[in-house]
Amino acid sequence: MIRRPPRSTPLYSSAASDVYKRQHLGNLKEILSIYPDACFIHITRDPAETIPSICSLTARVRKGFSKDLDTKRLGQETLNFWAKSNDKNEAQRSDLSSNQYMQVQYDDLLDDPINLIKDIYKNFSISLDDRTLSLMNAYIEEGSSDAKAEHKYSLEDYGLERAEVHNKLNYS
């Protein structure tokens, strides 16, 4: 949650709060130093799925600026960066109460988004009215019919193995 002038439009905004979708893994203390009442939702996903996606995106960007791209090195650099960020996040989150930090599973978001949203609202003591819930349901219905672009990449493309990624990121 950031209340500085954002680079993007809030996903949700009211007089009391703004909600932003951002990646802040490992930067909780910095955010809390400016916004001590900030709340965080950490969506956990199998890193064997996310790490090759991040590598693929990074590789596409780097190819625009460099003719040489060592994908194996990129895989190790990416894994090391996220391991360090994950460790920093785990240390910082231990200082937060459950009404300020909530960890949820990505699969739960896909399988039952409305009940997960209800749990999030309840955890952070935010009221959820029928109109908002109805709008959320309509948004989910509309979004589920949209075609998703398929991206093809694998851990092996970046010299990584599932066990190595799970071990380095403490994922089980």
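Check the entry above for the structure.
Undergrad: I'm lost on the packing of helix α2 (residues 47-63) against helix α3 (residues 71-93) in this one. Help?
TA: A pair of packed helices can be characterised by two numbers: the angle between their axes and the separation between those axes. As a packed pair, α2 and α3 sit with axes 10 Å apart at the nearest point and diverge in direction by 120°. One way to sum up the angle between α2 and α3 is to call them oblique. Both α2 and α3 take part in a crossing whose hand is right-handed. Contacts from Ile51, Ile54, Cys55, Thr58, Ala59 and Arg62 of α2 reach α3 at Leu74, Gly75, Glu77, Thr78 and Trp82. Partitioned by chemical class, the residues of the contact of α2 with α3 number 6 nonpolar, 3 polar and 2 charged.

Undergrad: Sorry, what's going on with the pattern of salt bridges here?
TA: Side chains that differ in charge, positive against negative, can pair when their charged atoms come close. Tallied over the full model, the rule gives 6 salt bridges. Between glutamate 77 and arginine 62 there is a salt bridge, and its shortest N-O distance comes to 3.4 Å. Highlighted residues: glutamate 77 in helix α3 and arginine 62 in helix α2, separated in sequence by 15 residues. Glutamate 77 is paired through a salt bridge with arginine 73; the nearest N and O atoms lie 2.8 Å apart. A residue pair is termed a helical-turn pair when its members lie 3 or 4 positions apart in one helix, as glutamate 77 and arginine 73 do in helix α3 at 4 residues. Connected through shared salt-bridge partners, Arg62, Arg73 and Glu77 make up one network.

What counts and what doesn't
Residues numbered from 1 in each chain as written. Predicted model: local features only at pLDDT ≥ 70, side-chain atom pairs only at ≥ 80, totals over all residues. Heavy atoms only, no water. Axes fitted to C-alpha atoms, helices over the stretch in contact; angles between N-to-C directions. Helix = DSSP H or I, 4+ residues; strand = E, 2+ residues; numbered from the N terminus. Parallel < 35°, antiparallel > 145°, perpendicular 65-115°, else oblique. Left-handed = near helix turned anticlockwise from the far one by under 90°. Contact = heavy atoms within 4.5 Å. Nonpolar A, V, L, I, M, F, W, Y, C, P; charged D, E, K, R; others polar. Salt bridge = Lys/Arg side-chain N within 4 Å of Asp/Glu carboxyl O.

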